[in-house]
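# Close look at the chain arrangement
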Amino acid sequence: RFSPASRAMVRVLGLFVALSWGAPNRYPWLKNPPDYNLGGEPNAVPHVIGSVTGAPRRNGTAYFLDCGNDTVRVQFYRSDIVRVWVGWGGNFTENATADIVVAQPQAATTVVDRGQYLEFSAGGPAVLRAQKEPLRFSMHWENITLWAEQAGLTSNSTATFQTLSMRQDEQYFGGGMQNGRIYHRGHRVRVSIDYNWADGGNPNAAPFYMSTAGYGVYRNTWAPGYYDFSEGPAVLAHNESRYDAFFLAAKPLDYAALLEGYTWVTGRPFMPPAYGLGLGDSDCYHNTRHGNDTNVVKAVASKYRDMRLPASWFLPNDGYGCGFGKGDAVFPSDFDTLDEVVKDLNRQGFQVGLWSSTGLPNISREVAGSGTRIGKTDVGWIGDGYRYAFESVDLVVRGIEDNSDARRFVWTVEGWAGTQRNAVMWSGDDSGSFDYIRWQVPSFAGAGFSAQAHVSGDIDGIYGGSPETYVRDMQFKCMMTVLMVMSGWAPNPDKQPWTWGEPYASINRQYLELKARLFPYHYTLSRTAFDTGMPPIRAMALEFPEDPVLRTNSTGSAEQFMSGPALLVAPVYHSVSDSPVRNDIYLPTGTWVDFWNGTVYQGPTSLQNYDAPLEKLPMLVRAGSIIPSYPVMQYPGEKPAAELVLDVYPSGNTGFRVYEDDGVTRKAVEGKEYSWTQVTVTAEKNAMGGQGDVEVLVGAAEGSFAGMVTSRSYNLQVHLAHSPCNVTVGGKPAAQRRSRAELDFAQEGWYHDKADRGGVTHVRVARTLTSRAVEVVLLGSRAVLV
């Protein structure tokens, strides 16, 4: 669809944007926001929908309202989701439903005539009211008004608009990945492609937003648009003549319910294969620098293994004139070479994929013949965006899943509503810098409000960068589900973790190993996203919706995030030479424990002068958390998960379900070949500061899958400032060991290490059938001292 010249221009434009504009302006290259009236000047007199002119007519599960020459269709899909669709002149036109909407109506819409208005519902607390003269819609949850139109639905020659009232304290989220932004009150959000991968761009827009008032709106369209929240009333417009929207209702601040509803309509986020959670390496290995031989990648893979730097996949071509093969041919497609490379990398524990800027003429051969399992689209191919980009990503998915038993794993830009069910969305090409780190944090956290569950950016960019920015970028991305290095475009052309030498390689190893250990935590969060729409990477406001501090933009609300429910991550985006500390780390109400040293803090508070040398990513653990992990592996599945480590921060009665499957095939997502293990902790509500027993119950695994471990040992790390009096396992006293070394050698028993992170009681349980529950009780313990 793009000519070679156009593809080159897009790449150059991306580089120009990445290197030229670093100002905090939301639209750094525009004096004014675009209006998107691309079809010409608006009509002098816009057409506003008229009054209701007859009784509502029922057709199937929908009702139709006649409004002069226009008709409105109202249909509840669920008791909390209603579709409002306008047929201007009585003509209804479909656009995006077949591609994007996966939901089918499951509710029976009813209507009651209240005199001045009609009241539509489907048996739940959500009600849609239609004022008759003139037609104005409003939505309610029980007795709460969620939104109300201040003007009727309006169409001009280029766009259709909805105008909604705006509460004084109302905040807005969503619109997809809006680089550098979570909070949209006071701003105009562009929902479009723009080829700007820098701060202020929108590389993966989505026609969806939600409000603190308790509602979300998905505009069922492929057309570009804007959501103007700069001042009341809110104006929501898309550049097409049709109007079609799904309204989601919930109680105020219930963002999780709105995400569940949005992904019920447009599809749940995809479940990545296990190897997708490891580090990926993308580079052109067929070029002059590498001797025009794709086989060079085999040595690079070996270096990852020799240096013990966990990683799990490669894209050995960068798609721009760089194919796979040997010799000077431009863009070669030598399948003998590809077959050889894939076989060797598979032997070393890596999966292999290909990056395309031109389409997929050979994907069947690449997947079924060579064994590739990953795809990456590029703007040079999908640059037209919207439906074309969506369908192109789907082609990659089909290419993988129709030619193998593997799950989809695709990286893309220019995502839209529904792309979350097919691909990782990444922020596009940019230059490594501290500012790059700063604005990426709200980009990724904010994308979660549009169910873009698996998001990332190239580690330290594909241009520029430095030893410090590489480490700081790597650190926080290891606390996300997916991450990738992309080489070949920087002055220092390689972006592998060893590029800058020591001490940087060792710090990178530390965090890659941490990510490897946390695999079961992130994998479980991925399954939660697949089941509910709740993303693994969460804005502070998403995890703590009741906290009023988190409803406005600040360092503490936008430049830190929650990795799941347990881990607060506050990336550092300045040089140690400028400051060795991180300031303005906001802790919501509750007890928080420093991940590294066990220091306890009581929220709400903002931490100042948090010690942050280069090797330390500021992280805090929420009291009550249970964090599962495995021993370090160089890639997921390197060895059986025969030991499950549980970091327990006891505070009240809490739980965590650990998810596992075969990590590769679709049997877990198309069938039920997976398992869940429920871990429950029972402690006094004030256990973090007082005496009391702590009970940890590891339930029997529920479900099964091929390759599932049938027995395993357990390593509990219970964070307690003081030693318990005794420990029992299965009701029997466990042996107290004299040292950690003795405990590790014995593989069962317990030992309290007061020097470990402020005090940790280590309990080892010998290998046990996973079909049996295990109960561990720490008697008379005193948890982390406040």
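Going along each chain's sequence as written, the residues are numbered from 1 onward. This being a predicted model, a pLDDT of at least 70 is required before a residue's local features are given, and a value of 80 or more before pairs of side-chain atoms are given or counted; all residues contribute to the totals for chains, interfaces and linings. In computing side-chain values, all of the structure's heavy atoms are included and hydrogens and water are not.

## Points about unusual backbone geometry
Note the cis peptide between Glu133 and Pro134, where omega equals -15°. Its location among the elements puts Pro134 in the loop between strand S8 (126-131) and strand S9 (136-141). Geometrically, the link from Glu502 to Pro503 is a cis peptide bond, its omega value of 5° lying close to zero. You can see Pro503 is positioned in the loop between strand S28 (483-486) and helix H11 (504-517). If you check the backbone angles, Asn292 has positive phi at about 50° while not being a glycine. Relative to the elements of secondary structure, Asn292 occurs in the loop between strand S19 (279-282) and helix H4 (296-306). Owing to a relative accessible area of 16%, Asn292 belongs among the buried residues under this scheme. For Glu414, which is not a glycine, the phi torsion comes out positive at approximately 60°. For the exposure calls, accessible area comes from a 1.4 Å probe over protein chains only, and a residue counts as buried if that area is under 20% of its type's maximum, exposed if over 50%, partly exposed in between. By relative accessible area, Glu414 is classed as buried at 5%. Starting at the N terminus, helices and strands are each numbered in turn, a helix being any DSSP run of H or I of at least four residues and a strand any DSSP run of E of at least two.

## Topic: the state of the cysteines
Note on disulfides: each one is a pair of cysteine sulfur atoms within 2.5 Å. Inspection of the entire model under this criterion finds one disulfide. Paired by a disulfide, Cys284 and Cys322 hold their sulfur atoms 2.1 Å apart. Here the S-S torsion is close to 95°, and the disulfide linking Cys284 with Cys322 is therefore right-handed. You can see Cys284 sitting in the loop between S19 and H4 and its partner Cys322 sitting in the loop between strand S20 (313-315) and helix H5 (335-347), a full 38 residues away along the chain. Here Cys284 matches Cys322 in class, with each residue buried.

## Describing the sheet that holds strand S21 (residues 351-356)
Ordered in space as S26-S24-S23-S22-S21-S20-S19-S28, the eight strands form an open sheet in which the pairing is parallel. Lying at the two open borders of the sheet, with one neighbouring strand each, are strand S26 (455-456) and S28. Where S19 lies against S20, three bridges are found, and the strand directions are parallel. Counterpart to Gly280 in the pairing with S20 is Trp313. We call two residues in contact whenever any of their non-hydrogen atoms come within 4.5 Å of each other. Geometry is summarised by axes, namely lines fitted to C-alpha atoms with helices restricted to the contacting stretch, and by angles between N-to-C directions that run from 0 to 180 degrees. Where H4 meets the sheet, it contacts S19, S20 and S28, and its direction lies at approximately 150° from that of S20. When DSSP finds two or more bridges between a pair of strands, those strands are recorded as paired.

## Points about the packing of aromatic side chains
To describe a pair of aromatic rings, one takes the distance between the centres and the angle between the planes. The pairing test for Phe, Tyr and Trp rings, Trp by its six-membered ring, is centres within 6.5 Å, and the orientation test on the planes gives stacked under 30 degrees, edge-to-face over 60, and tilted for anything in between. On inspection of all chains with the given rule, the structure shows 42 aromatic pairs. Arranged with centres 5.4 Å apart and planes meeting at 70°, the rings of Phe173 and Tyr255 form a pair that is edge-to-face. With Phe173 in strand S12 (residues 172-177) and Tyr255 in helix H3 (residues 255-266), the pair connects residues that are 82 residues apart, well separated along the chain. The pair Phe173 / Tyr255 is uniform in exposure class, with both members buried. Aromatic rings pair up to connect Trp147, Tyr172, Tyr209, Tyr215, Tyr227, Phe229 and Phe247 into one cluster. Consider the ring centre and the ring normal. A charge sits over the ring if Lys NZ or Arg CZ is within 6 Å of that centre and within 35 degrees of that normal. Its guanidinium or amino end placed over the ring of Trp264, Arg78 lies 4.8 Å from that ring's centre, counting from NZ or CZ. The lysine or arginine in question, Arg83, covers the ring of Trp85, its NZ or CZ lying 4.2 Å from the ring centre.

## Some remarks on the pairing of S12
Counting buried positions along S12 gives six out of six residues, so the element sits mostly inside the fold. Note: S12 against strand S14 (residues 204-211), five bridges, orientation antiparallel. Paired with Tyr172 across the strands is Ser211, a residue of S14.

## Observations concerning the packing of helix H9 (residues 434-447) against helix H10 (residues 467-477)
Remark: H9 packs on H10, axes separated minimally by 9 Å, with the N-to-C direction vectors making an angle of 15°. Regarding the angle of H9 to H10, the classification is roughly parallel. With respect to the hand of their crossing, H9 and H10 are arranged in right-handed fashion. Residues Phe434, Tyr436, Ile437, Gln440, Val441 and Phe444 of H9 form the contact with H10, whose own contacting residues are Glu468, Thr469, Arg472, Asp473, Phe476 and Lys477. As a working rule, the residues Ala, Val, Leu, Ile, Met, Phe, Trp, Tyr, Cys and Pro are called nonpolar, Asp, Glu, Lys and Arg charged, and the rest polar, with Gly in that last group. Its residues assigned to classes, the contact of H9 with H10 comprises six nonpolar, two polar and four charged. Each angle gets one of four labels, with under 35 degrees taken as roughly parallel, over 145 as roughly antiparallel, 65 to 115 as roughly perpendicular, and the rest as oblique. The crossing is said to be left-handed when, going from far helix to near helix, the turn is anticlockwise and less than a right angle, and right-handed when the turn is clockwise.

## Looking at the nonpolar core
Membership of the largest hydrophobic core comes to 189 residues, with the highest contact counts inside it found for Val72, Leu128, Phe137, Tyr218 and Tyr304. Setting aside chain neighbours within four positions, we find Tyr218 in contact with Ala96, Ile100, Val101, Pro207, Phe208, Asp244, Ala245, Phe246, Tyr262, Val265, Thr266 and Ala417. We define the nonpolar core as a collection of buried residues of types Ala, Val, Leu, Ile, Met, Phe, Trp, Tyr and Cys that are connected through side-chain atoms lying within 4.5 Å of one another. In terms of nonpolar packing, the next biggest core, distinct from the first, is built from 32 residues, Phe270, Trp381, Val396 and Ile400 among them.

## Topic: the pattern of salt bridges
Any Lys or Arg side-chain nitrogen found within 4 Å of a carboxyl oxygen on Asp or Glu counts as a salt bridge. Overall, the coordinates contain 44 salt bridges when judged by the stated rule. The partner of Arg289 in a salt bridge is Asp494, and the shortest N-O contact between them spans 2.9 Å. Of this pair, Arg289 sits in the loop between S19 and H4 while Asp494 sits in the loop between S28 and H11; the two residues are 205 residues apart in sequence, bridging distant segments of the chain. Of the residues examined, Arg289 reaches a relative accessible area of 35% and is grouped as partly exposed.

## What to know about the side chain of Ser427
If you trace the backbone, Ser427 turns up in the loop between strand S24 (424-426) and strand S25 (431-432). Here a polar contact is taken to be a pair of N or O atoms separated by no more than 3.5 Å, where protein atoms must pair a possible hydrogen donor with a possible acceptor and residues adjacent in sequence count only if both atoms sit in side chains. At a separation of 3.3 Å, a polar atom in the side chain of Ser427 contacts the side chain of Gln440. The contact partners of Ser427, leaving out residues within four places of it in the chain, are Met177, Asn179, Trp197, Pro203, Gln440, Phe444, Ser456 and Gly457.

## Comments concerning the environment of Ala683
Here Ala683 shows up in the loop between strand S40 (675-682) and strand S41 (691-698). In sequence terms Ala683 and Asp693 are 10 residues apart; their C-alpha atoms lie 6.3 Å from each other.

## Regarding the confidence of the model for the protein
In predicted models, pLDDT denotes the confidence assigned by the predictor to each residue on a 0 to 100 scale. Across the protein, pLDDT averages 91, with 93% of residues at or above 70. Confidence drops under pLDDT 50 across residues 1-41; counting only partners more than four residues distant or on other chains, this segment forms 83 contacts. Confidence drops under a pLDDT of 50 for residues 782-786, and excluding neighbours within four residues, the segment shows 28 contacts in the predicted structure.

## A look at H10
With nine of 11 residues buried, H10 is to be regarded as a mostly interior element. Of the residues making up H10, those classed as buried are Thr469, Tyr470, Val471, Arg472, Asp473, Met474, Gln475, Phe476 and Lys477. The elements touched by buried residues of H10 are H9, S26, S28, H11, strand S30 (561-563) and strand S31 (567-569).

## Regarding the sheet that holds strand S38 (residues 643-648)
Judged by pairing direction, the sheet is mixed, and its five strands sit side by side in the order S37-S38-S43-S47-S46 without closing on themselves. The strands lining the two open edges of the sheet, one partner per strand, are strand S37 (626-629) and strand S46 (749-753). The sheet shows a mean angle of 20° between the axes of neighbouring strands, direction not considered. Pairing of S37 with S38 involves four bridges; the strand directions are antiparallel. Bridged to Pro628 within S38 is Leu646.

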